[in-house]
Amino acid sequence: MPVDADMDKVFKALADPGRRSLLDHLHAQNGQTLGELCQHLDMTRQAVTKHLKLLEEASLVVTLWRGREKLHYLNPVPIHEIADRWIDKFERGRLRILAELKKKLEGGTDE
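Each chain has its residues counted from 1, following the order in which its sequence is written. The predicted nature of this model means local features are confined to residues of pLDDT at least 70 and side-chain atom pairs, given and counted, to a pLDDT of 80 or more, with totals for whole chains, interfaces and linings taken over all residues. Excluding hydrogens and water, the side-chain values take into account all heavy atoms of the structure.

## Some details on the environment of Gly35
We count it as follows: Only DSSP runs of H or I covering at least 4 residues are called helices, and only runs of E covering at least 2 are called strands; the numbering of each starts at the N terminus. Note on exposure labels: buried denotes an accessible area under 20% of the residue type's maximum, exposed denotes more than 50%, and partly exposed covers the range between, all computed with a 1.4 Å probe on protein chains only.
Looking at where Gly35 falls in the secondary structure, it is placed in helix 3 (residues 34–39). Owing to a relative accessible area of 26%, Gly35 belongs among the partly exposed residues under this scheme. For the pair Gly35 and Val77, spaced 42 residues apart in sequence, the C-alpha separation works out to 25 Å.

What follows is the structure in structure tokens.
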């Protein structure tokens, strides 16, 4: 699957506040069961299951079986990849502009 298609799944998964809430709960306490996640959310078990499926498809959540329990873990790698591709590149430009402004204010010239 192309990288852009993977990223599209991540953006789609992050677009929903319920799924972001699930990620927040996993960030606070990683390795929760479906039942544990349902306790903290104002969603039906079926809705949480559907959200988790989308998060898993986007690789934002990975699961591990421990006996009969399915534990859900946050996978921060796709979010890091978004930061690298979509946020950091814009930040670099801002920092370059600030560095140029600092140089001009301190009396340095590029001309």
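## Topic: the pattern of salt bridges
Quick reminder of the rule: Here, a salt bridge means any side-chain nitrogen of Lys or Arg that lies within 4 Å of a carboxyl oxygen of Asp or Glu.
Overall, the coordinates contain four salt bridges when judged by the stated rule. Notably, a salt bridge pairs Lys70 with Glu56, separated by 3.9 Å at the nearest N-O pair. Residue Lys70 is located in strand 2 (residues 69–74), and its partner Glu56 is located in helix 4 (residues 45–57); the two are separated by 14 residues in the primary sequence. Here Lys70 falls in the partly exposed class, since its relative accessible area comes to 29%. One salt bridge in this structure joins Lys102 and Glu106, with 3.4 Å as the shortest N-O distance.

## Some details on helix 5 (residues 77–105)
Using the following cut-off: A helix is expected to span 1.5 Å multiplied by its residue count minus one. Throughout, the bend at a residue refers to the angle made by two axes, fitted to the seven residues ending there and to the seven starting there.
Across its 29 residues, helix 5 extends 39 Å between first and last C-alpha, which sits within 8% of the 42 Å expected from 1.5 Å per residue. The axis of helix 5 is deflected most strongly, by about 40°, at Ile87. For helix 5, every residue scored as buried is listed here: Pro78, Ile82 and Gly93. Just beyond helix 5, the residue with positive phi is Gly107, at close to 100°.

## Details of the layout of surface pockets
Rule in force here: Computed over the protein atoms alone on a 1 Å grid, cavities are sets of points where a 1.4 Å probe fits but cannot get out and pockets are open sets with protein on both sides within 12 Å along at least five of seven lines; a residue lines them when it has an atom within 4 Å of a point. Grid points are joined across faces, edges and corners, and a volume is the space filled by probe spheres set on the points. Nonpolar residues are Ala, Val, Leu, Ile, Met, Phe, Trp, Tyr, Cys and Pro. Charged residues are Asp, Glu, Lys and Arg, and all others, Gly as well, are polar.
Roughly 180 Å³ of volume is contained in the largest pocket. Around the largest pocket, the lining is made up of 13 residues, and of these Thr33, Leu34, Arg45, Lys70 and His72 lie nearest the centre. Top element by residues in the lining of the largest pocket is helix 4. It accounts for five residues. Along the lines of polarity and charge, the residues of the lining of the largest pocket split into three nonpolar, four polar and six charged.

## With respect to the side chain of His51
Filter applied, for reference: By the convention used here, residues are in contact when the closest approach between their heavy atoms is within 4.5 Å.
Among the structural elements, His51 can be located in helix 4. Here His51 falls in the buried class, since its relative accessible area comes to 14%. Apart from the residues lying within four places of it in its own chain, the contact partners of His51 are Asp16, Arg19, Leu22 and Met43.

## Examining a nonpolar patch on the surface
Short version of the rule: A patch consists of residues exposed above 30% relative accessible area that lack any salt bridge, with like charges linked at up to 9 Å and nonpolar side chains (Val, Leu, Ile, Met, Phe, Trp, Tyr) linked at up to 5 Å. Shrake-Rupley sampling with a 1.4 Å probe provides the accessible areas, and residues are treated as covered by the protein chains on show and by no other component.
Residues Phe11, Trp86, Ile87 and Phe90 make up a contiguous nonpolar surface patch of about 410 Å² in total accessible area. By the secondary structure assignment, Trp86 is in helix 5. Note on Trp86: relative accessible area 33%, which makes it partly exposed.

## A look at unusual backbone geometry
At Ser59, a position not held by glycine, the phi torsion is positive, near 65°. Mapped onto the secondary structure, Ser59 falls in the loop between helix 4 and strand 1 (61–66).

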